[in-house]
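Breakdown of the fold
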Amino acid sequence: MTQAELRLCSLLLQEHFGEIVEKVGNSLLRTGPRPLRLLVGDTGLLPDQVKKALCVLIQHNLVRYEVQPRGSVEYEARSERILRILRYPRYIYTAKTLYGDPGELLVEELLLHGHLPMSSAVARVANRLTETMEDGKTMDYSEVSNTFVRLADTHFIQRCPTAPESPRNTKAPPPPAPTLAIAEKDMYTVPRLSLHGKGKRRHSCDEDEEREHKAKKQKQEGGNSETPPDDGIYWQVNLERFHQHFRDQALVSAVASRMDQVCVAPTSIPTLELSSSHSNPCFFFPPIQTSSEVVRTMLRMSEVTTASGASHTQPLSSNEIFRALPAGYNIGKQVLDQYLALLADDPLEFVGKSGDSGGGTYSVNLHKALVSLATATLESIVEERFGSRCARIFRLLLRKKHLEQKQVEDFAMIPAKEAKDMLYRMLSENLVSLQEIPKTPDHAPSRTFYLYTVNVMAAARMLLHRCYKSVANLMERRQHEMRENKRLLEKSQRVEAILASMQATGAEAAQLHEVEEMITGPERQQLENLKRNVNKIDASENQVDETIFVLESFIESTMKRP
Amino acid sequence: MAGRGRGRGRGQMTFNVEAVGIGKGDALPPPTLQPSPLFPALERRAAPLPGGEEGEYMLALKQELRRAMRGLPYFVKPGAPRRDIERYSDKYQLSSPTDNAIDWSPDWRRLPRELKIRVRRLRKGRTAPLVPKQRLALDKEETIKKLESLEKKEEEVTSEEEEEKEEEEEGKEEEEEEEYDEEEHEEETDYVLSYFDNGESFGPDSDDNGDEAVY
């Protein structure tokens with residue numbers, strides 16, 4: 001765990017869960033797994049506070065526990081999971097694009113609460129949706145639970161490991177902590193529940209009455225109907241699946257930007273660069289963005305069959321792909337074959353041909369795709385930071401692997417002095433490294449080759465570390481800005497509250513205006529500035545997180561290969 | 001042999017300088033004598049952030065998420081700090097939840113036993129036996145909490161003494177902890193809490209100052 005990761009983890013915990021949880025998480029991250037009493041001693045907090053914090057962390061899957069052979073329970077923080085908190089908005093947005101509002105809210109509720117049983121998740125989401133609908137309409141539970149089932153079928157949510165059944169005769173003392181386990185086949189099976197009901201809307205006027213009614217009813221009913229039918233079955237968001245989806249998205253857009261035409265006016269005839277090499281006697285206008293569509297189809301077919309860390313998808317035959325193309329696509333089988341051949345021949349090697357049965361079997365080479373994406377990210381970073389000539393040298397080194405100083409100048413067609421300067425700058429930033437090749441056993445400097453090279457893995461790790469640092473800096477700056485303007489923010493909140501209450505009780509425009517005047521012009525300006533800055537910082541954090549995702553996926557995929 | 005050559009000739013290095021590209025007589029940059037500056041000057045401006053609908057939506061989601069997480073019971077707030085002097089109004093203020101309470105009810109079957117917080121109770125016998133509930137939705141808990149507080153106030157008017165009570169089942173814990181909170185601060189008062197006005201509210205004064213003489 002690097003310092004940058006530790007700092008970022010503690011900032012994330014502090015922002016989302018408060019100081020106490022941050023202290024506990026910090027202690028666990030810095031000193032490793034430990035039992036409860038050592039933790040209490042380390043953090044200096046009260047034992048009850050530490051217990052509370054641990055409950056919160058375990059609820060959200062940020063800390064796991066293990067029963068040691070001696071009988072004590074050790075807690076361990078999961079740093080990579082804590083860093084995922086940064087990506088929550090992306091998960092929720094993806095769920096929205098795929099499954100609409102119910103999907104979005106389901107994923108949001110599951111992320112906010114860590115894990116939930118299906119019944120309560122569905123109930124919450126239905127209530128929230130009902131509140132946004134017009135008066136008189138309510139959201140039915142069935143629609144929400146349909147979306148839930150669909151999310152489970154496509155593996156976006158999964159069941160949490162369950163506690164073992166308690167034995168009937170408790171002769172032996174129960175273990176200090178349950179060992180949770182789940183079978184692979186059970187992970188996505190939705191329990192058969194008959195959830196009936198409609199979302200409830202909360203009216204502000206009769207809110208209190210409603211609550212009193214509900215509470216009274218509960219007390220009278222007793223415990224008969226309070227254990228919901230899916231007791232003990234909890235669901236959590238399957239982050240790996242979302243990551244797969246992001247990776248597929250990135251792949252498809254890479255193929256699209258490389259092979260498909262960029263923009264097509266609806267009236268113009270699309271001139272595909274691809275069709276120029278194949279003579280097509282019949283005049284037809286193929287649909288746009290076919291190659292990315294083909295790749296998207298292939299990825300969609302392999303969604304559930306490919307393991308998360310696999311380097312290739314399962315081989316798919318051309319016939320299968322043809323059958324699986326979306327309904328609206330009416331390209332001929334021949335055209336599809338041409339596209340597949342082209343994709344397989346492309347130097348980027350996203351798609352590889354693995355055989356000839358079934359009209360040619362193709363598979364998507366996921367590892368290569370991630371390598372290209374990461375390399376493209378590196379190149380783009382060099383370009384933005386150092387300029388396009390530096391980027392040219394960098395790309396040259398990536399292609400040719402090892403080059404001498406003189407060769408760099410020649411191939412890049414850059415004058416010697418400038419080339420030297422750029423190389424040294426990149427060397428000082430550790431993007432480029434020197435490789436010594438001695439000619440003689442005594443490594444004499446005059447008889448040694450010095451070659452420049454780019455070590456992609458090391459450069460990716462270095463940049464990832466920098467990304468973590470950047471996000472941590474951004475968060476600190478944002479918190480600083482909010483702290484500086486705290487007084488002003490509180491004042492504006494109070495004014496808004498007053499305005500709202502006055503509007504509710506029906507005040508005149510003059511009175512409202514008078515209240516609005518309580519915030520002066522310069523203060524308004526300051527608030528505007530603050531809002532703009534905070535928005536910019538937040539958007540930057542989201543942006544850096546996308547880079548983090550690409551680099552992390554690349555590193556993970558490279559480490560997994562045997 | 002080791003010290004030979006040191007100091008002779010400017011900038012002698014262990015490797016062949018020409019091979020790396022520094023020719024004879026080329027001006028080398030001056031040596032750095034201090035750590036690099038904390039905020040190095042930006043040579044080129046960063047590219048603008050990608051805007052667009054997706055970016056805006058995710059931005060709004062992020063801020064919304066932050067705000068929502070603060071309001072959830074998972075955001076652990078430290079207990080109210082003890083003031084240096086006990087003030088009279090402390091008795092009448094509804095304090096924040098103490099450190100002993102967990103405001104949400106986790107499934108204790110999935111957690112290690114040592115994490116369960118046991119709170120000592122100071123209460124008299126309850127009128128209606130509470131049924132153990134494993135999971136309560138958050139809003140239901142608030143409802144119950146409010147209802148309990150109202151009930152307690154009614155009970156206290158008649159109660160005079162407090163008793164120690166044994167520890168009870170887990171299911172009753174969260175509700176009793178909340179009552180415990182109310183209890184601790186409402187000891188031995190004959191006054192109904194909601195009628196106390198500590199003068200900070202907005203709006204016109206209430207009408208219950210008929211006792212005082214109006215000057």
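Residues numbered from 1 in each chain as written. Chains lettered and ligands numbered in written order. Predicted model: local features only at pLDDT ≥ 70, side-chain atom pairs only at ≥ 80, totals over all residues. Heavy atoms only, no water.

Observations regarding the overall build of chain A
- Across its full length, chain A carries 21 helices and 12 strands.
- Looking at chain A as a whole, 47% of its 562 residues are labelled buried.
- Counting only contacts in chain A whose residues sit at least 6 apart along the sequence, the fraction spanning at least 24 positions is 66%.
- Split by element, the accessible area of chain A, about 29000 Å² in all, is 51% carbon and sulfur. (Helix = DSSP H or I, 4+ residues; strand = E, 2+ residues; numbered from the N terminus. Buried < 20%, exposed > 50% of the residue type's maximum accessible area, 1.4 Å probe, protein only. Contact = heavy atoms within 4.5 Å. Areas by Shrake-Rupley, 256 points an atom, 1.4 Å probe, with all protein chains shown as cover.)

Concerning the sheet that holds strand β4 (residues 116-117) of chain A
Residue and element names in this part refer to chain A.
- Spatially, β4-β6-β5 is the arrangement adopted by the 3 strands of the open sheet, whose pairing is antiparallel. At either margin of the open sheet sits one strand with a lone partner, and together these are β4 and β5 (157-159).
- When β5 meets strand β6 (residues 234-237), the two strands line up antiparallel, connected through 3 bridges. When the sheet's bridge partners are listed, I157 is paired in β6 with V237. (Pairing = 2+ DSSP bridges.)

Quick word on the packing of aromatic side chains
Residue and element names in this part refer to chain A.
- On inspection of all chains with the given rule, the structure shows 9 aromatic pairs over all chains.
- Between F242 and F246, the ring centres sit 6.5 Å apart and the planes meet at 45°, which makes this aromatic pair tilted. With F242 and F246 both in helix α10 (residues 239-259) and 4 residues apart, the pair spans about one turn of that helix. Both residues of the pair, F242 and F246, belong to the buried class. (Phe/Tyr/Trp six-rings, centres within 6.5 Å; stacked < 30°, edge-to-face > 60°.)

Notes on the side chain of T448 of chain A
Residue and element names in this part refer to chain A.
- Take T448: it is sitting in strand β12 (residues 448-453).
- Since its relative accessible area comes to 6%, T448 is described here as buried.
- Here the side chain of T448 touches A444 through a polar contact of 2.4 Å, landing on its backbone oxygen. (Polar contact = N/O pair within 3.5 Å; in protein donor to acceptor, adjacent residues only side chain to side chain.)

Focus: unusual backbone geometry
Residue and element names in this part refer to chain A.
- Unlike most non-glycine residues, N430 shows phi in positive territory, near 65°.
- Considering the arrangement of structural elements, one finds N430 in the loop between α17 (416-428) and β11 (433-438).
- Judged by relative accessible area, which is 53%, N430 ranks as exposed.
- Non-glycine residue H443 carries a positive phi angle of around 55°.
- Tracing the backbone through its elements, the reader meets H443 in the loop between β11 and β12.

Things to note about the pattern of salt bridges
Residue and element names in this part refer to chain A.
- The tally for this structure, following the rule as stated, stands at 33 salt bridges over all chains.
- The salt bridge involving R478 is made with E15; its shortest N-O contact spans 2.7 Å. Placement of R478 in helix α18 (residues 456-484) and of E15 in helix α1 (residues 3-17) is noted, with a sequence separation of 463 residues between them.
- Judged by its relative accessible area of 3%, R478 is buried.
- When its relative accessible area of 7% is taken as the criterion, E15 is described as buried. (Salt bridge = Lys/Arg side-chain N within 4 Å of Asp/Glu carboxyl O.)

Digging into the packing of helix α7 (residues 118-132) of chain A against helix α8 (residues 141-153) of chain A
Residue and element names in this part refer to chain A.
- As a packed pair, α7 and α8 sit with axes 9 Å apart at the nearest point and diverge in direction by 125°. With respect to their mutual orientation, α7 and α8 come out oblique. When the axes of α7 and α8 are compared, the crossing they make is right-handed. Two secondary-structure elements touch here, α7 through M118, A121, V122, A123, V125, A126 and L129 and α8 through Y141, V144, S145 and F148.
- A breakdown of the residues in the contact of α7 with α8 according to their chemical character gives 10 nonpolar, 1 polar and no charged. (Axes fitted to C-alpha atoms, helices over the stretch in contact; angles between N-to-C directions. Parallel < 35°, antiparallel > 145°, perpendicular 65-115°, else oblique. Left-handed = near helix turned anticlockwise from the far one by under 90°. Nonpolar A, V, L, I, M, F, W, Y, C, P; charged D, E, K, R; others polar.)

Side note on the sheet that holds strand β7 (residues 316-317) of chain A
Residue and element names in this part refer to chain A.
- Spatial strand order, β7-β9-β8: 3 strands in an open sheet with antiparallel pairing. Strands at the two margins of the open sheet, each flanked by one partner only, are β7 and β8 (351-355).
- The pairing of β8 with strand β9 (residues 361-364) spans 4 bridges and is antiparallel. Among the inter-strand pairings, V351 is bridged to a residue of β9, identified as V364.

Regarding the pairing of strand β3 (residues 73-77) of chain A
Residues and elements named next belong to chain A.
- Burial along β3 is one-sided: V73, Y75 and A77 are buried, and none of E74 and E76, which face the opposite way, are.
- Sheet topology places strand β2 (residues 63-67) next to β3; 5 bridges connect them, and they run antiparallel. Within β3, the residue paired with Y65 across the bridge is Y75.
- The antiparallel hairpin formed by β2 and β3 contains 5 residues in its connecting segment, where G71 sits at a positive phi of about 110°.

Description of the state of the cysteines
- Taken as a whole, this structure holds 0 disulfides over all chains when the rule is applied.
- This cysteine, C467 of chain A, is not joined by any disulfide, and C9 of chain A carries the nearest cysteine sulfur, 15 Å off. (Disulfide = S-S within 2.5 Å.)

Looking at the packing of helix α6 (residues 88-113) of chain A against α7 of chain A
Residues and elements named next belong to chain A.
- For the pair α6 and α7, the least separation of the axes is 9 Å and the interaxial angle reads 125°. When the axes of α6 and α7 are compared, the pair comes out oblique. At the point where α6 passes α7, the crossing takes the right-handed sense. For the pair α6 and α7, contact is made by D101, P102, L105, L106, E108, E109 and H113 and by A121, R124, V125, R128 and L129, respectively.
- Per-class residue counts for the contact of α6 with α7 are 6 nonpolar, 1 polar and 5 charged.

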